[in-house]
Amino acid sequence: MSAQDVLVLAETRGDALADVTFELLAAGRELARTTGGQVLAVLLGPGGAAYAPALAAADRIIAVDDPRLAEYSPEPFASALREVVEAEQPRAALIAATSIGWDVAPLLAARLDAPLATGCQAICPDGDGLMVTASFCGGKMTAECRVAASPAILMMLPGSYRPTGETGKGELEQRSPAAPLEPGAIAFEQWIYPEAGDVDITQQDVLIAVGRGIQQQDNVELAEELAQALGGAVCASRPVVDQGWLPATRQVGKSGMTVKPKLYLALGVSGAPEHQEGMKDAELIIAVNTDPKAPIFDVAHYGAEVDVLDLMPALGEAIAARKG
Amino acid sequence: MNIVVVVRQVPDLIEPLEIVPSGDALDLDAASFILNESDDHALEQALLLKESGGGSVTVVAIDFGDVDNTLYTAAAKGADRIVKIACDGDTPPAARDSAAVYAEAIKPLRAELVLVGVQAHDELDGGLSPFLAAALELPYVGVIRGVKAGDAPGTVAACKEFPGAVMARMNVKLPAVLGILGADQPPRYVPVSRIRGAMKTTQFEESAATLAAGELLLSVSRLYPPAPATRAEMLSGSEEEIAGRIAEILAEKGLVK
Ligand SMILES: Cc1cc2nc3c(=O)[nH]c(=O)nc-3n(C[C@H](O)[C@H](O)[C@H](O)COP(=O)(O)OP(=O)(O)OC[C@H]3O[C@@H](n4cnc5c(N)ncnc54)[C@H](O)[C@@H]3O)c2cc1C
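Residues numbered from 1 in each chain as written. Chains lettered and ligands numbered in written order. Predicted model: local features only at pLDDT ≥ 70, side-chain atom pairs only at ≥ 80, totals over all residues. Heavy atoms only, no water.

### Regarding the overall build of chain A
A tally of helices and strands in chain A yields eight helices and 17 strands. On C-alpha atoms alone, chain A measures out to a radius of gyration of 22 Å, which is about the 20 Å that the 2.2 N^0.38 rule sets for 324 residues. When the backbone C-alpha atoms are referred to their principal axes, chain A occupies close to 70 × 45 × 35 Å. When the accessible area of chain A is evaluated, it comes to approximately 12300 Å², of which 47% is carbon and sulfur surface. (Helix = DSSP H or I, 4+ residues; strand = E, 2+ residues; numbered from the N terminus. Rg over C-alpha atoms; globule rule 2.2 N^0.38 Å. Areas by Shrake-Rupley, 256 points an atom, 1.4 Å probe, with all protein chains shown as cover.)

### Quick word on helix 8 (residues 308–323) of chain A
Residues and elements named next belong to chain A. For helix 8, spanning 16 residues, the distance from its first C-alpha to its last is 22 Å, which sits close to the expected 22 Å at 1.5 Å a residue. Inspection of helix 8 places Val308, Leu311, Met312, Ala314, Leu315, Ala318 and Ile319 among the buried residues, and these make up the whole buried set. Where helix 8 begins, the side chain of aspartate 307 points an oxygen toward the backbone nitrogen of leucine 309, at a separation of 2.8 Å. Remark: glycine 324 follows helix 8 within two positions and exhibits a positive phi of approximately 75 degrees. (Expected span 1.5 Å × (residues − 1). Buried < 20%, exposed > 50% of the residue type's maximum accessible area, 1.4 Å probe, protein only. Polar contact = N/O pair within 3.5 Å; in protein donor to acceptor, adjacent residues only side chain to side chain.)

### Things to note about the interface of chain A and chain B
Contacts between chain A and chain B engage 83 residues on the former and 78 residues on the latter. Together chain A and chain B conceal approximately 7200 Å² of surface at their shared face, both sides included; 63% is due to carbon and sulfur atoms. Put simply, chain A and chain B have six salt bridges between them. Residue arginine 238 of chain A is joined to glutamate 161 of chain B by a salt bridge in which the shortest nitrogen-to-oxygen separation is 3.0 Å. (Contact = heavy atoms within 4.5 Å. Buried area = accessible area lost by both parts, 1.4 Å probe. Salt bridge = Lys/Arg side-chain N within 4 Å of Asp/Glu carboxyl O.)

### Section: the sheet that holds strand 13 (residues 206–210) of chain A
On the basis of which strands lie adjacent, the open sheet formed by six strands has the order 14(A)-13(A)-15(A)-16(A)-17(A)-13(B) and parallel pairing. What marks the edges here is a single partner per strand, and that holds for strand 14 (233–236) of chain A together with strand 13 (233–235) of chain B. When the angles between neighbouring strand axes are averaged without regard to direction, this sheet yields 25 degrees. (Pairing = 2+ DSSP bridges. Axes fitted to C-alpha atoms, helices over the stretch in contact; angles between N-to-C directions.)

### Observations concerning the nonpolar core
Formed by 147 residues in total, the largest nonpolar core has its most connected members in Leu81, Leu94 and Leu154 of chain A together with Leu178 of chain B. Discounting chain neighbours no more than four positions away, the residues touching leucine 94 of chain A are Val6, Leu7, Val8, Leu9, Leu24, Ala27, Gly28, Ile123, Leu154 and Met156 of chain A. Ranked by size, the runner-up nonpolar core spans 40 residues in total, among them Ile214 and Leu263 of chain A together with Leu235 and Ala243 of chain B. (Core = buried A, V, L, I, M, F, W, Y, C linked by side-chain atoms within 4.5 Å.)

### As for the side chain of aspartate 5 of chain A
Residue and element names in this part refer to chain A. Position of aspartate 5 among the secondary structure elements: in the segment before strand 1 (6–9). Put simply, aspartate 5 is tucked away with no salt bridge, and the nearest opposite charge, on arginine 60, sits 4.4 Å away. In this structure the side chain of aspartate 5 is engaged in a polar contact, spanning 2.7 Å, whose partner is the backbone nitrogen of glutamine 38. (Lys, Arg positive; Asp, Glu negative; His and termini not counted.)

Read these as layout, nothing more, since geometry by itself doesn't imply function.
In structure tokens, the structure reads:
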């Protein structure tokens, strides 16, 4: 326990640790090197000890077990995490901006009266506080913020740190909450999986992604034609799915799919961090957007500042001409 | 069900964002404002719940960023009451500070369900919704897409989004605060004539709640736009030239078969 330590909330996805956990551990190691503290990984839920070998980047792995942590619900998770943070008094608690992170990070900050920063991309010590670089306004603005008090609750943007091979002491401690966790008024009932039968966009080599810049449902058809010409499928950003123009199985990003196609052609997609999270590792990204400052151009290999509605027919013709 | 919805105005990202000369804040005088997207979904979800199960929808907003238009639109869509909180300064308080004032305005409304957008893109200490839940001492769950009446009276079933288009159905005992990401249906369109009608008939209620800055836990020292496109090679020319170049790149990579 030390005010120089950095705590990382580890999350699982399926039977494995979520990729973002390794990014947070890399961030934690970098920060702990300058504060001179240790990196603590916290796992909430039964069987957490099984993940300990994969958490070797941490110095201490705190696995908290309680039947109420078997499936996610906010109150038991926030209470269990609060107990660990209060006991360990770290300089910072790093929590990924995931579905769970968006609940527990602010709930923890509110209960501990601790500072919270969202959209965090980089952290460094600043006296006894921290300086945080954070992205907001859909990735169009960056803020340097000073966080004065400890523990700082930092909601980290996935993709901000690269996992390193660096290891820590990797000592496992298994704990139970001091008192059994209260169930709270909000309880997990069941998982709802997407309906089978639609195209699996994670298996496509070519994806034509449409964003709000596509403007109307009818225009999705133009993207479909391009996808057909290239032997791929159409996927979308969240607002297109929210409009009901494409099913949720076609959404790319934080709450959609993570894709790594050979080609990702982004048409009228701004490239908000939540979208980039699902597509930034595509082999070839070509972005078309009328706004030269759209963040999608930061991850694209090629870009064009042009109206998608003009480009789509022209591209259809150019591809047809190449096919002969 | 007695539902309260919080709506906030945020800078429109279609317009260029400007920074004040001191470099530590957005120049809000230069910004144009729109309704925060997830708050729009929160309003839609509230209206859908009212339509299916009865009750009332009260919209609460801080008087900032041309909010009146948004509030008249909410009334035209079917909100029953509109409560406005005065904002004396040029800038609204940060998410965390504003939670206290929203809580003060909402407490007397005896809400069974409070719906707030899970994120506003101008927040740096974000998650107004969980901070509001803490201030109201109510349970909270966020990242919700879709809410229905629950199986038991006094409950709702809320779907929480997880990666891979997977959702968790959560049973929520009321009263509670939910952070909405998406409604069961896209926000409804309302014709301008109905908004004009609402302007004539809607009376805003003024809340007695007052804004107060809390302890400064997070201070912005500098704002800047991220470095301009560092990676993309920009293609220029007419649409036909750009299309031709893209087709050429795809052919080089063996993607045109
Ligand atoms: C918890 C959480 C989870 C989320 N999960 C996801 C997710 O899984 N996937 C996702 O995509 N988003 C997700 N989001 C939403 C995300 O923050 C953005 O709001 C969203 O990605 C924006 O989609 P967009 O780029 O289509 O729309 P916008 O941001 O509105 O961008 C539209 C773009 O189109 C351009 N444009 C307009 N007209 C034209 C034209 N004629 N020609 C060319 N360009 C044009 C504009 O310049 C603009 O850049 C999530 C948000 C939260 C809070």
